[in-house]
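Fold and contact review
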Amino acid sequence: MSSSASPRTTGTPPAATRRVTPGAPRLDVVQELRRRIASHGLPPGSKLKETDLSLEFGVPRPRIREALSTLEERGLVERIPNKGAVVMRLDLAQVMAIYEAREALEGLCVRLAAERSPQGYWDDLCVLFGEPMLGYLRAGAFDAFLAGYEKFRIRVFAAARNDVLQGMLDSILERTQMVIRRAIILPGRAERGLEQHRAVLAALQRGDAAEAEQIRKMNLREAKECVRQHHQFVI
């Protein structure tokens, strides 16, 4: 797979141009801006002007200011003197630190999921991560491929039953969604990641918590090293 390939899109309007229904509550503003930042509809360094956002979302500027403060707390936005709010730009050191945190937290998450899930809970995901996911990868259907990973993540969170852990991981992952999307097109990375997710699922299906944790941690260490080696293409 060539590193110059680009993920297939679905033909929907660009994230940054979609409009929210006027009068949407503040929570909707936050969620929509989070989605745009994660998808690179608002790439790093983008200015977030309160006046423009107020007009687009149909809410007063104080509501926009509150939404931007929420995004700042989540590490997605920074306030720069004389520039206002801009989308946060991560450097290599920050991305490496995030992968280190993910290794510890996601390892614990799959351990808890293995310990707390009932028999048969993982059967459908084991099927999905067989031929269907491999088919998406071979066809270059990266949106469908990433949707499979998202389904895995949601199911692990549900089985782990730890809201604090989920909240920490949600905050971390949304800061690196575009890095993850870009990393899967690096040579061999998606194939290796799929292989490791299958191994994690096999351990989860057996209820082997220690094995599931070990494999997930190894998966993230390898992903981290891959990003380090190719950071000029993914950050």
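Please refer to the structure higher up on the page.
Bear in mind the structure is a predicted one, so any value in this text is a computation, not a measurement.

Once that is clear, we can look at the layout of surface pockets. For the second largest pocket, the calculated volume is near 300 Å³. Together, 20 residues line the second largest pocket, and H40, P44, M88, L90 and R175 are the ones closest to its centre. Elements supplying a minimum of two residues to the lining of the second largest pocket: helix 1 (26-39) and helix 9 (177-183). By residue number, the principal contributor to the lining of the second largest pocket is helix 9, which donates 4 residues.

A few words now on the pattern of salt bridges. Summed over all chains, the structure comprises 22 salt bridges. R65 serves as the salt-bridge partner of E50, at 3.0 Å between the closest nitrogen and oxygen. Taken together, the positions of E50 in helix 2 (residues 50-57) and R65 in helix 3 (residues 61-73) put the pair 15 residues apart, joining distant regions of the chain. You can call E50 buried: its relative accessible area is 15%. On the basis of relative accessibility, which here comes to 35%, the residue R65 falls in the partly exposed class. For the salt bridge of E115 with R111, the shortest nitrogen-to-oxygen distance reads 3.7 Å. Residue E115 and its partner R111 are located together in helix 4 (residues 92-116), separated by 4 residues, close to a single helical turn.

This part covers the packing of helix 7 (residues 142-160) against helix 10 (residues 189-206). With their axes 12 Å apart at the nearest point, helix 7 and helix 10 run at an angle of 30° to one another. Comparing the axis directions of helix 7 and helix 10 gives the class roughly parallel. Viewed along their axes, helix 7 and helix 10 form a crossing whose handedness is left-handed. Contacts between helix 7 and helix 10 involve F145, Y149 and F152 from the former and A190, G193, L194, H197, V200, L201 and L204 from the latter. When grouped by side-chain class, the residues that make up the contact of helix 7 with helix 10 number 8 nonpolar, 2 polar and no charged.

Turning to the packing of aromatic side chains, a few remarks are in order. A complete count under the given rule lists 4 aromatic pairs for this structure. Where F129 meets Y149, the ring centres are 6.0 Å apart and the plane angle is 25°; that geometry is what we call stacked. Of this pair, F129 sits in the loop between helix 5 (123-128) and helix 6 (131-139) while Y149 sits in helix 7, and the two are 20 residues apart along the sequence. Looking at F129, the relative accessible area reads 1%, which means it is buried. Given a relative accessible area of 16%, Y149 falls into the buried group. In textbook terms, an aromatic cluster arises when at least three aromatic residues are bridged by ring pairs, as seen for F129, F145, Y149 and F152.

Tracing the backbone shows G148 in helix 7. Not counting chain neighbours up to four residues away, the residues in contact with G148 comprise L128, F129 and M133.

All right, on to the nonpolar core then. Residues Y99, W122, F129, F145, L204 and V227 are the most contacted members of the largest nonpolar core, which totals 51 residues. Considering each element in turn, this core owes the most residues, 10 residues, to helix 4. If we skip the residues at most four places from it in the chain, V227 touches V95, M96, Y99, V179, A183, V234 and I235. Core analysis: the second largest hydrophobic core is formed by 17 residues, V30, V59, A67 and L76 among them.

What follows is about unusual backbone geometry. In terms of backbone geometry, most residues other than glycine have negative phi values and most peptide bonds are trans. Residues other than glycine seldom take positive phi values, yet N82 does so here, at roughly 70°. Considering the arrangement of structural elements, one finds N82 in the loop between strand 2 (77-80) and strand 3 (84-87). Backbone geometry places R161, a non-glycine residue, at a positive phi of 55°. As for its position among the elements, R161 is in the loop between helix 7 and helix 8 (163-173). A relative accessible area of 54% places R161 in the exposed class.

Here we take up the sheet that holds strand 1 (residues 47-48). Here 3 strands make up an open sheet; going across it, the order is 1-3-2 and the pairing antiparallel. Each edge of the open sheet carries a strand with a single partner, namely strand 1 and strand 2. Where strand 2 meets strand 3, 4 bridges bridge the pair, whose relative direction is antiparallel. Among the inter-strand pairings, E78 is bridged to a residue of strand 3, identified as V86. Against the sheet, helix 3 touches strand 1, strand 2 and strand 3, its axis set at about 110° to strand 2.

Conventions adopted
Residues numbered from 1 in each chain as written. Predicted model: local features only at pLDDT ≥ 70, side-chain atom pairs only at ≥ 80, totals over all residues. Heavy atoms only, no water. 1 Å grid on protein atoms, 1.4 Å probe; cavity = no way out; pocket = protein on both sides within 12 Å on 5 of 7 lines; lining within 4 Å. Points joined across faces, edges and corners; volume = space filled by probe spheres on them. Helix = DSSP H or I, 4+ residues; strand = E, 2+ residues; numbered from the N terminus. Salt bridge = Lys/Arg side-chain N within 4 Å of Asp/Glu carboxyl O. Buried < 20%, exposed > 50% of the residue type's maximum accessible area, 1.4 Å probe, protein only. Axes fitted to C-alpha atoms, helices over the stretch in contact; angles between N-to-C directions. Parallel < 35°, antiparallel > 145°, perpendicular 65-115°, else oblique. Left-handed = near helix turned anticlockwise from the far one by under 90°. Contact = heavy atoms within 4.5 Å. Nonpolar A, V, L, I, M, F, W, Y, C, P; charged D, E, K, R; others polar. Phe/Tyr/Trp six-rings, centres within 6.5 Å; stacked < 30°, edge-to-face > 60°. Core = buried A, V, L, I, M, F, W, Y, C linked by side-chain atoms within 4.5 Å. Pairing = 2+ DSSP bridges.

Shape descriptors only; they carry no functional weight alone.
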